[in-house]
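Per-entry structural report
Below are the chains, spelled out letter by letter.
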Amino acid sequence: MLVMHGIRNCDSVRKARKLLDDAGVEYSLHDYKKDGADLEALRAACAQFGWEAVVNKRGTTWRKLDDATKSEVKDEASALDLMMRETSVIKRPLVTGGKQMLLGFDATVWSETLEKGEL
């Protein structure tokens, strides 16, 4: 079964949920604020996309971090440590459990993935 990892109130997660709901796709929501981050899902995402893509450096959470904390993120291990502590710094949504893993919401990519039956 598909698992959407993210934060329930995040705009990108809301858009992704609506797209999946409208398409009749079953999934469960793993809410970082309620359930914490899933280390194995983050490791898989880092393996597929690279840790630099999984850490959302354009978001407000990253920008609010002090320079010392930012400079400590140098590799996958340090990025995973930060993401486990500061779940809001994870790029959202992350979809696992299907034929293809998705990171971030792009309506065109998601729609095409659904049409091809690759999700």
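Above this text sits the structure in question.
Residues numbered from 1 in each chain as written. Predicted model: local features only at pLDDT ≥ 70, side-chain atom pairs only at ≥ 80, totals over all residues. Heavy atoms only, no water.

**Here's the deal with the packing of helix α1 (residues 11-22) against helix α8 (residues 107-115)**
- α8 packs onto α1 with a crossing angle of 25° between their chain directions and a minimal axis gap of 11 Å. Judged on the interaxial angle alone, α8 and α1 are roughly parallel. The interaxial crossing formed by α1 with α8 has right-handed handedness. On α8, the residues that touch A16, L19 and L20 of α1 are A107, W110, S111 and L114.
- Partitioning the contact of α1 with α8 into residue classes produces six nonpolar, one polar and no charged. (Axes fitted to C-alpha atoms, helices over the stretch in contact; angles between N-to-C directions. Helix = DSSP H or I, 4+ residues; strand = E, 2+ residues; numbered from the N terminus. Parallel < 35°, antiparallel > 145°, perpendicular 65-115°, else oblique. Left-handed = near helix turned anticlockwise from the far one by under 90°. Contact = heavy atoms within 4.5 Å. Nonpolar A, V, L, I, M, F, W, Y, C, P; charged D, E, K, R; others polar.)

**Some details on the environment of R43**
- One can find R43 in helix α3 (residues 39-49).
- For the pair R43 and L20, spaced 23 residues apart in sequence, the C-alpha to C-alpha distance is 24 Å.

**Concerning the nonpolar core**
- Counting 35 residues, the largest nonpolar core has M4, L42, V54, M83 and W110 as its most contacted members.
- Sorting the residues of this core by element identifies β1 (2-6), α1, β2 (27-31), α3, α4 (51-54), α7 (76-85), β3 (94-96) and β4 (102-103) as the ones contributing at least two each.
- Once residues lying within four places of it in the same chain are set aside, the contact partners of M4 are V13, A16, R17, L20, Y27, S28, L29, H30, P93, L94, V95 and W110. (Core = buried A, V, L, I, M, F, W, Y, C linked by side-chain atoms within 4.5 Å. Buried < 20%, exposed > 50% of the residue type's maximum accessible area, 1.4 Å probe, protein only.)

**Here's the deal with the pairing of β1**
- Most of β1 sits out of view: four of its five residues are buried.
- When β1 meets β2, the two strands line up parallel, connected through five bridges. Residue V3 lies in a different strand from β2, and its bridge partner there is S28.
- Chirality of the crossover, the property in question, places the unit of β1, α1 and β2 among those that are right-handed.
- Direction of pairing for β1 relative to β3: antiparallel, over a ladder of three bridges. Across the sheet, H5 pairs through a bridge with L94, a residue of β3. (Pairing = 2+ DSSP bridges. Right-handed = clockwise from strand over helix to strand, strands pointing away.)

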